[in-house]
Amino acid sequence: MKLYFAPDTCSLSPHIVLRELGLPFELVKVDNKTKKTTDGRDFLAINTKGYVAALQLDNGAVLTEGPAIVQYLADLKPEAGLAPPNGSWERVRLQEALNFISSEIHAGMGPLFNAAIPVEVKTIFKDKLVKRLKQIDAALAQQDYLLGAQFSVADAYLFTVLRWTGFFSIDFAQWPAIAGYMERISSRGSVKAALEAEALV
């Protein structure tokens, strides 16, 4: 398998999952501006959407969208317990968590990266994001991980997008449960290895 990634993007999430599972894969870096891979290929020919993450399987098929990729990977090695079994109530809860992260946290931070959006408008988005972070903090005050006592693919995704808050001077000191959660995830071997491989540490 090949994982197409760019540093400081959501592709860190499937990268962490691949390392958690111990699956063999090749990392291929993508320049988000030029849409070229490090070996000179046109990334748009691999993923017409033009953004990472993209996972190319050994048969040539390409899977995109982080929440889909991490579930696919987890199902390759179900004994690792990174996702509950398909068809179970717990799996629906995982999908609920992934959708929340995608629509409320990931997409919610998108406008904050846009230099063309006025500060006054960004404040509206930031205030909404803060409300969502309060919800996450309240949940994590009750349990170590999003789904309970065990790390899952949802945690790989949430950790990835929460790292971006540093770009916007959002301090986790006001949310001690999130702060502890980020430290807990950061200490995992898979996370350290992924960050090192992407030159993010």
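Use the structure listed above.
This section reports on the structure supplied with the text.

### A closer look at the environment of Phe151
Residue position: Phe151 is located in the loop between helix H5 (119–140) and helix H6 (153–162). Phe151 gets classed as buried once you look at its relative accessible area, which sits at 3%. With 63 residues separating them along the chain, Phe151 and Ser88 place their C-alpha atoms 17 Å apart. In contact with Phe151, other than residues within four places in its own chain, are Ile16, Glu20, Gly81, Leu82, Tyr145, Ala156, Ile185 and Arg188.

### Quick notes on the environment of Glu79
As for its position among the elements, Glu79 is in the loop between helix H3 (66–76) and helix H4 (89–113). For Glu79, a relative accessible area of 63% gives the class exposed. A C-alpha to C-alpha distance of 9.5 Å links Glu79 and Leu21, two positions 58 residues apart in sequence.

### Here's the deal with the packing of helix H1 (residues 12–21) against H6
Packing of H1 against H6 brings their axes to within 8 Å, and their N-to-C directions diverge by 140°. For the element pair H1 / H6, the angle class is oblique. As for how H1 packs across H6, the hand of that crossing is right-handed. Contact residues: H1 offers Leu12, Ser13, Ile16 and Val17, while H6 offers Val153, Ala156, Tyr157, Phe159 and Thr160. Each residue belonging to the contact of H1 with H6 can be placed in one class, and the counts come to 7 nonpolar, 2 polar and no charged.

### Details of the sheet that holds strand E4 (residues 54–56)
Judged by pairing direction, the sheet is mixed, and its 5 strands sit side by side in the order E3-E2-E1-E4-E5 without closing on themselves. This sheet does not close on itself; its edge strands, each paired only once, are strand E3 (36–37) and strand E5 (62–64). Here strand E2 (residues 26–31) pairs with E3 via 2 bridges, running antiparallel. Bridge pairing links Asp31 to Lys36 in E3. Along the sheet, H3 makes contact with E4 and E5, crossing E5 at roughly 120°.

### Structural notes on helix H7 (residues 176–186)
Those residues of H7 lying buried are Ala177, Ile178, Tyr181, Met182 and Ile185. Looking straight down H7, one finds that the buried residues subtend no more than 135° of arc, so they occupy a single side. Pointing more than 90 degrees away from the buried face of H7 are the exposed residues Pro176 and Glu183. Those residues of H7 that are buried lie in contact with H5, H6 and helix H8 (189–197).

### Structural notes on the pattern of salt bridges
Summed over all chains, the structure comprises 8 salt bridges. We note a salt bridge from Lys49 to Glu65, for which the minimum N-O separation is 2.9 Å. You can see Lys49 sitting in the loop between helix H2 (43–46) and E4 and its partner Glu65 sitting in the loop between E5 and H3, a full 16 residues away along the chain. Taking the relative accessible area as the measure of exposure, Lys49 reaches 43% and is therefore partly exposed. As a salt-bridge pair, Lys128 and Glu104 come within 3.9 Å of each other at their nearest N and O atoms. Separated by 24 residues along the polypeptide, Lys128 in helix H5 and Glu104 in helix H4 bring together distant segments of the chain. Linked through salt bridges whose partners overlap, the residues forming this network are Glu104, Lys128 and Arg132.

Analysis parameters
Residues numbered from 1 in each chain as written. Predicted model: local features only at pLDDT ≥ 70, side-chain atom pairs only at ≥ 80, totals over all residues. Heavy atoms only, no water. Helix = DSSP H or I, 4+ residues; strand = E, 2+ residues; numbered from the N terminus. Buried < 20%, exposed > 50% of the residue type's maximum accessible area, 1.4 Å probe, protein only. Contact = heavy atoms within 4.5 Å. Axes fitted to C-alpha atoms, helices over the stretch in contact; angles between N-to-C directions. Parallel < 35°, antiparallel > 145°, perpendicular 65-115°, else oblique. Left-handed = near helix turned anticlockwise from the far one by under 90°. Nonpolar A, V, L, I, M, F, W, Y, C, P; charged D, E, K, R; others polar. Pairing = 2+ DSSP bridges. Arc of directions from axis to C-beta. Salt bridge = Lys/Arg side-chain N within 4 Å of Asp/Glu carboxyl O.

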